[in-house]
Each structure stands twice: as structure tokens, then as C-alpha cells.
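Letter by letter, the chains look like this.
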Amino acid sequence: MPADSPSPSSLPSLLLLLPLFSALSILLFKRLLKGASVAISVGSSAVCFVLALLMLGSSDSVTLIAPFIQVPGLTAALEALVDSQSRGMIFIVQSIGLLVHLFSLGYMKDDEARERFFGALSLFMFSMNGIVLAANLFMAFIFWELVGLSSFLLIGHWFEKPSAAEAAKKAFLTNRIGDFGFMIGILCLFMANHGDVSFSGLKESLASGPLHETARLHSGLMFLAAMGVFMGAVGKSAQFPLHVWLPDAMEGPTPVSALIHAATMVAAGVYMLVRCSFVIEASPSAALWIAWTGGITALMAALIAVRQDDIKRVLAYSTLSQLGYMVMAVGLVASQAGAQHDSASPGHPAMFHLYTHAFFKAMLFLGSGAVIYACHHEQNIWKMGGLRRHMPVTFATFALGTLALAGLPLTSGFFSKEAILGVAYEVKGPWLAPLFWIAVLTATLTAFYMTRMFCVAFLGKSRSEHASHATEVPAVMALPLVVLALLTLLSPWDWAARLLSAMKPDHAAPHLTVLSASLLALGVGVGGGWRLYRNAESDPLAGRPWSRWLENKFYFDELYQGIVHLVQDGMAWLISGLDRGLIDGLVARLPASIAGRFGQRLRALTGGQLQAYGFFLGLGLIWLIYELVMVLPLNPR
Amino acid sequence: MSPLFIALLLPVVAAVALSRGAPLKLASTPVALANVLLILGVMLSRGFVSPEVVSHVGSIAMLQSPALNLSVGVDGLSLLMALLTVVVSVCACWQIDNKREGARAEHIVAHLISAGALGAFVCRDLLMLYAFHELALIPTLLIIALQGRGESANRLRVAWKATVYLGVGSLILLAGLCWLMVSLTPEGAALVTDLDSLLKLAKEHPLPALKQAQIGLVLLVGFGTLVSLFPFHTWAAPAYATAPVSTAMLHSGVLKKFGIYGLLRVLPGMLPLALSQAWLQEALCWALLGNILWVGWVCIHQRNLDEMLAHSSVMHMGYLFLGLAAGGAVALEGVALLAFAHGISIALLFALAGRMRAQLGTLEFRRLGGLGSHSPALYVLFCFGMFASIGLPGLANFAGELMIFVGCFGHPGATALGMVQWTAIAALWGVVMSAVYGLRALRALFQGTSGSGLFLSDPPLAQRGGLVLLASLLLVAGTCPWLPLRLIAPAPKDKPAAGAVAPKAH
């Protein structure tokens, strides 16, 4: 590295400070800066992208950025950890971040609150970089919550719209429930590991230290710790049962959906699980739970996606499903850790799928944004159709994304999905074996719903006025699509994966079963979708009794609303009534009335009878003398 | 003479001058501002010394026999609380509407509360500490009765209720303090009331554990009533919702912290074994869960910003008690930090609520909505206060809460969860609950569309000063918690080398 380039340790600080500076200056001087705020935000993102590239060539390091809390007994410093995992993730975040900034220049051109939008984007970049670079769990938690805040601001960008405001609130609250568990996990690890929650400290301690003992002797505490950390990921990566916020988050502007709700923030949960994989490995029962949670999420979301008509919602459920895939991979790898997984090798199928998925899913989302922009904010795929002719660039990139997501051989999605299926196939034990078939079924459904969406939106005839007048988006929006398409094409190959720290797992011996199962899934899915939807004017699956369940997302929203209404608001009503009646009554009114009664009784004594007064006076005197003579000398103090 | 005497005298002089007809603009906010500068000056001249060092000591004899001195001095904790007092005071005075009828009385009371709280925080004598608190309390109750919101019957009822609770609580507190002082005073000597001597005595001749716990119980009930510890909390919410805005800011932000400050002074130093008695610790844990979860539910039920804020301030006291229950240096430092942060955030929120009520005439959620689109500045300020109060990292309250929670789990190598840890886990759920009501309020007031056509406009720049001051303090203390921590916590012994690079094979 040349002498005048920034030293490796200043890179992480700059990656945090630049977006923070941009966010703060926009927050404070929005009125003064006007259009310049947009330039500051995009500029900071561009510089950060260059920094991310520089970081790809830097060596591993830990840098102290700020002391935050440092008192005897607690060190919660902001320290940046640079290793192959964070280098790769920073590249994903910054490259997609820059492209989304550029895309937003076009997409948000006419928005009145453009400055606020770009300010929040910068805040997001700051928080996300913080999670990625975190060297200890406290720092991870701090930025974990800040990412929640920036997501809240961006989903609620159009906060005058009630649905957007509700979605923002829902996202934040659901994430808070996850954070509740995350904090419990951190605190358990803090206690068990004598106050050290840095990743390196935890890893060492698990190999040969206090945590090693804890894992051996107190599996309950270890389970609680692992599940706590996992619960954080359940919230952030929208896993079942906290998945409900992600589809609603599509109320935010589409570039935000591409950046936050497809490629980066929702991937943070998986990223953190891989970071803490040694904690999960220490608790096999937690690994089992994690694998199954991922599997269930993957299948459930894929089923729901089959019957969604909103282009962004299909993609949202598909993201859920793919995140479930990654989480399942984390659980599977952890549960067979002892057998063959070498934790020292940087490859991890979940991280590799995260990396390939980030590029093509961001491309799909931006593609859907381009479609929505061209169709004047129409999001229903049944009101599109025939876009192939009007929007060739979008069409080509969207087709590539669809094929990658469906897992066509030689595209990036194929390689990473294959890696996960391979792990699922190799895993031993009756409790985990069914996950392989769940994964294959999910892959089939993925191919099916993507073909459906692609056929309905892009092929056939235009089914609405807007769709027939759609035109290709301006260059500033098309360029990011093309770049992402390139990244999608290049990313899976060994040299690129190594260059970009993609954490591609080492080649295992290919299994014929796995290969044929994934090809079969692709064939059945695409074939079925093509047959049903190639020339469909309306959904042939509509109206079936089972399809209503899918259409209504298994009624989770209704169920949760009922719980919130009955349990939370009901309890609140009951308790606030009791608070006013019972507590106040017991503590204040009861003593008051007793005092009152007592006063009434006493009044009877003071009836004006001199004899009675004399009697009480005498009684009091005798008691006083008794105290003075008999009691006090015995107890001098 | 110690500059602390000037700091104590300034608000009293201001109050007297105001009652003699001094112009409001000249004699109120500027004096409070001068006091901020004075306390900042004290902080600077103190420099970075160890937190337990008492500096700027001064003493005035008040009574020969029994000897009663007004002795002042600040250690780190006192200074932090004094800073809180003067900052909230200046903002409270700043936002009183001078054109309103009765503004003068409000100013006078604000200065009296400020003087009383300041006195309680900087004096080094247990009896005077109590007396100063009473000095601040009486005008508070009076102004609620005289100038509170709503019908006179209602506010009299509220003020009376608060008076009874706080009066009885103060009496129990006095009894507890006397018991403590009498127990610690050596046989035959005159009653020791001086804080430092008491601490020394307690260290040399510790009381038996059971007696410590008994005194601790009385003090917890006494101080606890002042801090609205469950189940002695029902006075607080109606009092805050009824009080004039400046009074609500000062009482919930500053004066209430007196109880916590007193417990921090007495419990760890003089009664260190009190909470190691399982029965007392368990009782405190249940009571604080009452604050956090029970009052949390009550909070969720509120449909009016005033009431919600008032209950939330009761709820958050539970976290301070959690830190006390955990004991240990980290938790107690967290308590002090959170007390400071909570004081700032709740003052900001009450100030905003007052301003909104003055303009809108109502704070009912169902009648309002979409306020954010016309008043972006108030929206941002409200977000600052609300997100701080629900413990978002980057704003002040988070660091204190984190330290308290960590303090609960600060038993290195423990392998099973005990009472305190389970309480902490239950209390963590309170963080979710406060997000529920906090975001509900944000959503109902500022987002969406206006249902009834009521709009809010941003105040002119000059009137934003106090609000911006509070918000920026939240941000600074939140992003750089090591700054306030320097005042109250000793420096870490083994600092990890900054910029340490651990090169590995690449």
C-alpha cells in the first residue's frame, strides 16, 4: 500500500464518521443546505465505496474508535473489527448503498422531503457500517438499534400516509421485541464470560476458558444465551414469528426496500449469527431451533409469495424466504460443527448466499422500482403486462435476477443455494433430516412464484393504461441495474468471490442427489409457472380454499392484532383500573379511612368527663415512670 | 467562600426580587442562566479529579447547640445533579409564557424549587439535605393547588393527595434518617449529622446486617414515596398532569431525583449490607417491577399525552431502583447517569407537551394527528425526547440503562440466574413497553393526517433555545457518555491500548 494512502486503522473510523457527518449536517442545516444535502449524502456514499474497496486490500485489525463506556467493571467501547467477514459485508453494503443513492436521485426527484430522505439514508449507512464493523456485542447492539431507528425513519418517510406511519411503527416495535432477546443473550454471555463480550474474547473463552466450562456444565445458560442472540436476528432478519414487519415495510420508498429490506439490514441478523456461530455451536439444542425456524420461515414465506399480487410484496416474501434459507444454513452448520465444519476456514454457506442474494435481490427491487416509476406508482402485477417491449434494460436485468433467484445453473443463486442444500443433505440426525426436503420444496416454490411474477408483469399484453405507456427509466436509474447485473454475473466465480471476500465455502464433493433435486426443483417450478401464467389474464389459482390462506398470509396479522388488542390493550385497561381503584385504595384511602374511624373512636373518649381525663393522665404518668425507671437503664442506646 | 453559596443564593435572591416586582425578563431566565455558568465554572475549576473528592467546601454555622452547620461541597455525583438542576431550571424559566396571568408566581416557584434542589444536592449534612428538599416541596404543592390546570376542585384534590403522600413520605424519611444517625452516632457523643463523618463511622463500626436492612426499609419507603416507588406512586401522575409546565419539568426532572440521590448517598456507604438481606432485596425487586411493568401497562392505556408522560416518568423510576437493587459500582454509576438523563429527557417532553397544549388546547390522541408536517422543528425535538426516554442508543438514557442492566449481571462467573437477574430480564420487557406507548404517541400526534384540523406551528427561534439546549444535551451525553461518567466514575485501571492492531496472517 502506498505511503500516502490512509492507514488501515483509519479506514473503519472514516467509514463511520463520514455518513454520520452527512446525517448530522442534513438534520441540523437542512434548510440552509437545500439541494446540497443530497450532494453531501451521495458524495459521502461514493467516498465510502472507495474506502470499502481500499479495505478489501487491508489486513485484519481491531481499532478503537470511541471509549463510549469505560469504567472499572464494564468496558463497552466502540471498536472496529476488520476481518474477511466484515470486509466482504462492507463491500456489499457500500456498493449497493452507492447504487441505491444514485437510483434515488432519479426515483425521489420530485419528492418534497428529498433532503430528509437522503439524511436518513446516511444515518442508515452509518448504523449499518457500525453493525458490520462491531468488534463486541455491546457495539453491535448499539448500532443494531440505530439501524432500527433509520429503518423507522425511512419506512415512515411519507409519514402523512397512515399506512406508512403504521408500517414504520410496526417495524420498530417488532425489532424491539427481537432486541429484548438480544440484550438478554448479551447479558448472559457477559456474566458467563466475566465481562468480556468481544467476539475474539468469546471465541477464545469457548475454546478453552470460562465459557467452555459453561457450555459443558450449564447447558441451560448457554441455550439462553444462544437463543437470546438468535432472537435479535429473528427480529432484524424477520424470521418467523416476528416476520410480519418486513412485508409492511414495503410502504417505504422502493430504493429503501432494495437497500434495507433486501440486501443489508435484514441480512444483519444472519451476519450476526455467523459472527457468533461459535456460541450457537456450543448449544446443540439452540442450533436445532435455529435451523427449524429458518426452514419454517423459508417454506411459509415462499407459499405466501405464490399468491401475492403486489410486485414489491412478492419480492418481500421472497426475501423472507431466502433469509430463512440462510438462517437454516447457520443452524445446520452449527449443529454439525464437531463433525466436519472447520470454523477456522472463512467460508460459510449462509454468508455466501447472503452475498449472492444481496446483489440480485437489490437488482430485482430496483427493477421493480423502475417498473413502479414507469407505471406511475402502480404496484399490482395484474395491471402491468407487456413491459418487455417498453423497458428493455429493466426487462433484461429483471430476467437475470429471476433466473438467479430461481437457481439456474451457472448463475450466482445456483451456487449458493447448492451450498446450502449440500449442508442440509449431509447433516445427520432424525431431527434435522427433513430440512433438506423443506429446502427443496422451497426452491421449487421460489422458481414458481418468480416465473409467475415475471410472466405476468413483463410478458403478454399490457393490461392497463399506465403499463401501455410505460417508458424506460432515465440513465441514472438504469445504470445501477446494469452494474448490479454485472455483479450478479461475476460474483459466484472463485476469483471474484476471493477478491470480494465473499466467504464462499470450500468445494465439497458434489452430491448427485443434491444436484438432481435442485435441477428438478427448477424445472418443476419454472415449468409450472410458465404453463399457468404465460398467457393468463387473471390468476388461475384464485378462489381455491387453500389459496385464500396464502393470500391472507396465514392470517398472522389478524392473529397478532387480536393478541395486541386482547392481551396488551385489555391488560392495560384492567391494570389502569386496578391502579386507580385498588392500589390507591389500599395505600391511601384505606389508611385514611382507618385514621378517620380511629379519630371518631377517640372523640368518644374526649367527652368532657373530668374523671376520665384524670384516669388517662394517671395511666400515662405510670407508663412514663415505668419507662424511665425500668426500661431505659437496660437499653442505654 | 465557596462559590456554591452563591449558586444557592442566586435563585433565592431572584425569587425575592421577583416577588418584589422585578421585571420578569431581567430577573428570571438570566439569573438561571448565570447559575448554569456558575456550576460549569465549578466543574472546570474542579478539573478531572477522582469522583469521591469533595471540592469547593464551605461552611456557615447556623446553630451553636445542637451544632448545626450549613456546610456545602461537591463530589462528582453532587456536581452532576447540580448541573441537571440548573439546566432544567433555565429551560423551565425560559418556556414560561410571560404574558400569561400568574406567570410571576410560576417564575418564583421555579426559582424556589431550583434553590431547594440545589441545596439538597450540594449540602454535606443529612439533616440539611432533608430540610432543603422540604423547602422545594412546599411551593411545588402550593402552585399545583393555586395554578394547576383544570377545575379548581380537581386541582385541589390532586394537590391535597400529593401533599398527603409526600408529607407522610417525608415524615417516614425523617424518622429513618434520625434512626440512622442515632444508630451511627457513638455512645455519649452529640448527634452526628455530617455526611462524611457518618460515612466514616459506618465504615469503622458497621451496623448489624439486620438493623441495616430495617433502617434501609424505612428509608426505601420514605425516599421511595418521593420517587414514586410502587405502590406509593399514585400521587405522581395526576400531580404532573395538573401542575403548571415549569413545575412539572422541575419536579419530575429534578426534585424527584432527590430521593434517588439520597438513597445513593446513604445505601451503599452507610448501609452496605441492607440489600444483601434477601427479604429486602426481594421486596424491592417486586416493587420496582410494579413500577416498570404495572405502571407500564397503565401507561399503554393512556390516551392523552400529559397523562402518558406523567405515568412514563413513574415507570422509568423503576430502572433507577433496579440499579440500587443490583448494587455494585457499575449499576450505581448507571443509576446516577440515568437519573441525569431521565431528568433532561422528561423535562424536554413536558416542555413540549406544555407548548403543544397552549397552542392546541388539547393533548388527546384521538383529536390530533399529522402535526409533524407543519411543525418539523417540534417534531424533531419531540423525537429526541421520546426516543431518549425509550432508551435509544445515541441518546442519553441508553448508557445509564445499559450500565444498570450490566450491573445486574455483573457477577462474574455466575452460572445460574438469581432474583436480580430475573428481575432485570422482566424489566427489559419494559423497554419494549415504553417503545409501544412512545411510538403510539408519536404516531398519533405527529404522523398521519389531522382529524380535527388542529395544527401546530414551530415556535420562533428565540423560544426554541431552551428546548434545543435540552435536546443537544441528550445527544451529547448519549454519544459521549464518557463525559458525564468522568464526573461520577473512577477511571478504568487497565485501559486497552488505543488503536491496538492485532495482525493476523492474511
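Rules used throughout
- Residues numbered from 1 in each chain as written.
- Chains lettered and ligands numbered in written order.
- Predicted model: local features only at pLDDT ≥ 70, side-chain atom pairs only at ≥ 80, totals over all residues.
- Heavy atoms only, no water.
- Helix = DSSP H or I, 4+ residues; strand = E, 2+ residues; numbered from the N terminus.
- Rg over C-alpha atoms; globule rule 2.2 N^0.38 Å.
- Buried < 20%, exposed > 50% of the residue type's maximum accessible area, 1.4 Å probe, protein only.
- Contact = heavy atoms within 4.5 Å.
- Areas by Shrake-Rupley, 256 points an atom, 1.4 Å probe, with all protein chains shown as cover.
- Lys, Arg positive; Asp, Glu negative; His and termini not counted.
- Charge placed at Lys NZ, Arg CZ, Asp CG, Glu CD.
- Phe/Tyr/Trp six-rings, centres within 6.5 Å; stacked < 30°, edge-to-face > 60°.
- Lys NZ or Arg CZ within 6 Å of the ring centre and 35° of its normal.
- 1 Å grid on protein atoms, 1.4 Å probe; cavity = no way out; pocket = protein on both sides within 12 Å on 5 of 7 lines; lining within 4 Å.
- Points joined across faces, edges and corners; volume = space filled by probe spheres on them.
- Salt bridge = Lys/Arg side-chain N within 4 Å of Asp/Glu carboxyl O.
- Core = buried A, V, L, I, M, F, W, Y, C linked by side-chain atoms within 4.5 Å.
- Axes fitted to C-alpha atoms, helices over the stretch in contact; angles between N-to-C directions.
- Parallel < 35°, antiparallel > 145°, perpendicular 65-115°, else oblique.
- Left-handed = near helix turned anticlockwise from the far one by under 90°.
- Nonpolar A, V, L, I, M, F, W, Y, C, P; charged D, E, K, R; others polar.
- Buried area = accessible area lost by both parts, 1.4 Å probe.
- Polar contact = N/O pair within 3.5 Å; in protein donor to acceptor, adjacent residues only side chain to side chain.
- Pairing = 2+ DSSP bridges.
- Disulfide = S-S within 2.5 Å.
- Patch = residues over 30% accessible without salt bridge, like charges linked within 9 Å, V, L, I, M, F, W, Y side chains within 5 Å.

J.: Explain the overall build of chain B to me, and be specific about the residues and the numbers.
T.: Looking only at helices and strands, one finds 20 helices and two strands in chain B. A compact globule built from 506 residues would reach a C-alpha radius of gyration of about 23 Å, and chain B, at 22 Å, matches this within 12%. When the backbone C-alpha atoms are referred to their principal axes, chain B occupies close to 75 × 70 × 45 Å. The 506 residues of chain B split such that 63% are buried. Considering only residue pairs separated by 6 or more positions, chain B has 80% of its internal contacts joining residues 24 or more positions apart. Surface exposure of chain B reaches about 17600 Å², of which carbon and sulfur atoms provide 67%. Here chain B holds 29 positive side-chain charges and 20 negative ones, and the gap between their average locations is 8 Å.

J.: Tell me about the overall build of chain A, residues and numbers included.
T.: A tally of helices and strands in chain A yields 27 helices and two strands. With respect to the three principal axes, the spread of C-alpha positions in chain A is 115 × 60 × 60 Å. Residue burial in chain A is summarised as follows: out of 637 residues, 59% are buried. For chain A, long-range pairs separated by at least 24 residues make up 81% of all intrachain contacts whose partners lie at least 6 apart in sequence. Accessible area of chain A: about 24500 Å², with a carbon and sulfur share of 68%. One finds the centroid of the 40 positive side-chain charges in chain A at a distance of 6 Å from the centroid of its 37 negative side-chain charges.

J.: Now, about the packing of aromatic side chains: what can you tell me, with residues and values included?
T.: All names here are of chain A. Scanning the entire structure with this criterion turns up 39 aromatic pairs over all chains. Judged by centre distance (6.3 Å) and plane angle (50°), the rings of Trp382 and Tyr533 are tilted. Of this pair, Trp382 sits in the loop between α16 (349-374) and α17 (387-390) while Tyr533 sits in helix α24 (residues 512-533), and the two are 151 residues apart along the sequence. Assessed through its relative accessible area of 12%, Trp382 is described here as buried. Grouping aromatic residues by their ring pairs yields a cluster made of Phe49, Phe91, Phe352, Tyr355 and Phe359. Here the basic side chain of Lys417 rests over the ring of Tyr325, its NZ or CZ set 5.9 Å away from the ring centre.

J.: Just give me the short version of empty space enclosed by the protein, but keep the residues and values in it.
T.: Under the counting rule described, the total for this entry stands at nine cavities of 30 Å³ or more. Every residue lining the largest cavity is counted, 14 residues in all, and those nearest its centre are A:Phe141, A:Met183, B:Phe398, B:Leu428 and B:Val431. For the lining of the largest cavity, the elements supplying multiple residues, two or more each, are α5 (137-155) and α6 (162-192) of chain A together with α17 (396-408) and α18 (419-446) of chain B.

J.: Which residues make up the pattern of salt bridges, and what are the values?
T.: Counted according to the given criterion, the structure contains 20 salt bridges over all chains. Among the ionic pairs, A:Glu251 bridges to A:Lys161, the shortest N-O distance being 3.3 Å. One end of the pair, A:Glu251, is in the loop between α10 (245-248) and α11 (254-263); the other, A:Lys161, is in the loop between α5 and α6, and 90 residues separate them in sequence. A:Lys161 sits in the partly exposed class, given a relative accessible area of 38%. As a salt-bridge pair, B:Arg357 and B:Asp306 come within 2.5 Å of each other at their nearest N and O atoms. You can see B:Arg357 sitting in helix α15 (residues 329-360) and its partner B:Asp306 sitting in helix α14 (residues 305-326), a full 51 residues away along the chain. Using a relative accessible area of 23% as the deciding quantity, one classes B:Arg357 as partly exposed. By relative accessible area, which is 4% here, B:Asp306 ends up buried. Linked by salt bridges that have partners in common, A:Lys170, A:Asp248, A:Arg313 and A:Asp557 make up one network.

J.: Tell me about the nonpolar core, and name the residues and values.
T.: All names here are of chain B. By size, the foremost hydrophobic cluster in this structure holds 417 residues, and its most contacted members are Leu305, Phe321 and Phe387. Top contributing element to this core by residue count: α15, with 21 residues. Not counting chain neighbours up to four residues away, the residues in contact with Phe321 comprise Leu220, Gly224, Val227, Leu229, Ile260, Leu263, Leu284 and Leu288. By size, the runner-up hydrophobic cluster in this structure holds eight residues, among which are Leu24, Ala27, Ile96 and Ile108.

J.: I'd love a proper account of the packing of helix α4 (residues 76-94) of chain B against helix α5 (residues 103-122) of chain B, names of residues and values included.
T.: Residue and element names in this part refer to chain B. With their axes 9 Å apart at the nearest point, α4 and α5 run at an angle of 175° to one another. In terms of orientation, α4 and α5 fall into the roughly antiparallel class. Touching Ser78, Met81, Ala82, Thr85, Val86, Ser89 and Cys93 of α4 are His107, Ala110, His111, Ser114, Ala117, Leu118, Phe121 and Val122, all from α5.

J.: Got a sec to walk through the packing of α5(A) against α11(A)? Specific residues and values, please.
T.: Residue and element names in this part refer to chain A. Where α5 contacts α11, the axes come no closer than 11 Å and their chain directions differ by 155°. The angle between the axes of α5 and α11 places the two elements in the roughly antiparallel class. Relative to α11, the crossing made by α5 is left-handed. Between α5, through Ser151, Leu154 and Ile155, and α11, the contact on the second element is made entirely by Val256, Ile260 and His261. Across the contact of α5 with α11, the residue classes break down as four nonpolar, two polar and no charged.

J.: Account for the interface of chain B and chain A, naming residues and giving values.
T.: Between chain B and chain A, the contact holds 81 residues from the first and 66 residues from the second. Summing both partners gives a buried area of about 6500 Å² for chain B against chain A, and 73% of it is carried by carbon and sulfur. It is B:Trp294, B:Trp297 and B:Phe409 that lose the most area in chain B upon contact with chain A, and together they represent 10% of the buried surface on that side. Connecting chain B to chain A are two salt bridges. Connecting chain B to chain A are eight residue pairs in polar contact (both at pLDDT 80 or more). Put simply, the parts of the chain that give the side of chain B that touches chain A at least two residues each are α7 (152-184), α13 (278-301), α15, α16 (376-389), α17, α18, α19 (461-479) and α20 (482-488) of chain B. Here the side of chain B that touches chain A takes 13 residues from α18(B), the largest share from any one element.

J.: Account for the pairing of strand β2 (residues 68-74) of chain B, naming residues and giving values.
T.: All names here are of chain B. With six of seven residues buried, β2 lies mostly within the body of the structure. Pairing between strand β1 (residues 55-63) and β2: six bridges, direction antiparallel. Bridge pairing links Gly58 to Val72 in β2.

J.: How would you sum up the environment of A:Tyr425? Please name residues and give values.
T.: All names here are of chain A. Among the structural elements, Tyr425 can be located in helix α19 (residues 412-426). We classify Tyr425 as partly exposed; its relative accessible area is 34%. In this structure the C-alpha to C-alpha distance between Tyr425 and Leu332, which are 93 residues apart in sequence, comes to 9.9 Å.

J.: Go over the state of the cysteines with me, naming the residues and quoting the values.
T.: Per the stated rule, a full pass over the model turns up zero disulfides over all chains. The structure places no disulfide on A:Cys455, whose sulfur is separated from the nearest cysteine sulfur, that of A:Cys375, by 17 Å.

J.: Requested: an account of a nonpolar patch on the surface, with residues and values cited.
T.: Residues and elements named next belong to chain A. Taken together, the side chains of Leu559, Ile563, Leu566, Val567, Met571, Trp573, Leu574, Leu578, Leu582, Leu586, Leu590 and Ile594 present a nonpolar region at the surface, about 1200 Å² in accessible area. Here Leu559 is to be found in helix α26 (residues 556-605). On the basis of relative accessible area, Leu559 is assigned to the partly exposed category, the value being 46%.

J.: Describe the environment of B:Trp297, and please don't skip the residues or the numbers.
T.: Within the secondary structure, B:Trp297 is located in helix α13. The class for B:Trp297 is buried, based on a relative accessible area of 16%. In this structure the C-alpha to C-alpha distance between B:Trp297 and B:Leu275, which are 22 residues apart in sequence, comes to 27 Å. Not counting chain neighbours up to four residues away, the residues in contact with B:Trp297 comprise A:Val567, A:Gln568, A:Met571, A:Ala572, A:Ile575 and B:Met433.

J.: Got a sec to walk through the side chain of A:Ser257? Specific residues and values, please.
T.: All names here are of chain A. Structurally, the position occupied by Ser257 is in helix α11. On the basis of relative accessible area, Ser257 is assigned to the buried category, the value being 0%. A polar side-chain atom of Ser257 sits 3.2 Å from a polar atom in the side chain of Lys312. Those residues in contact with Ser257 that lie beyond four places of it in its chain are Met250, Gly252, Ala262, Lys312 and Phe365.

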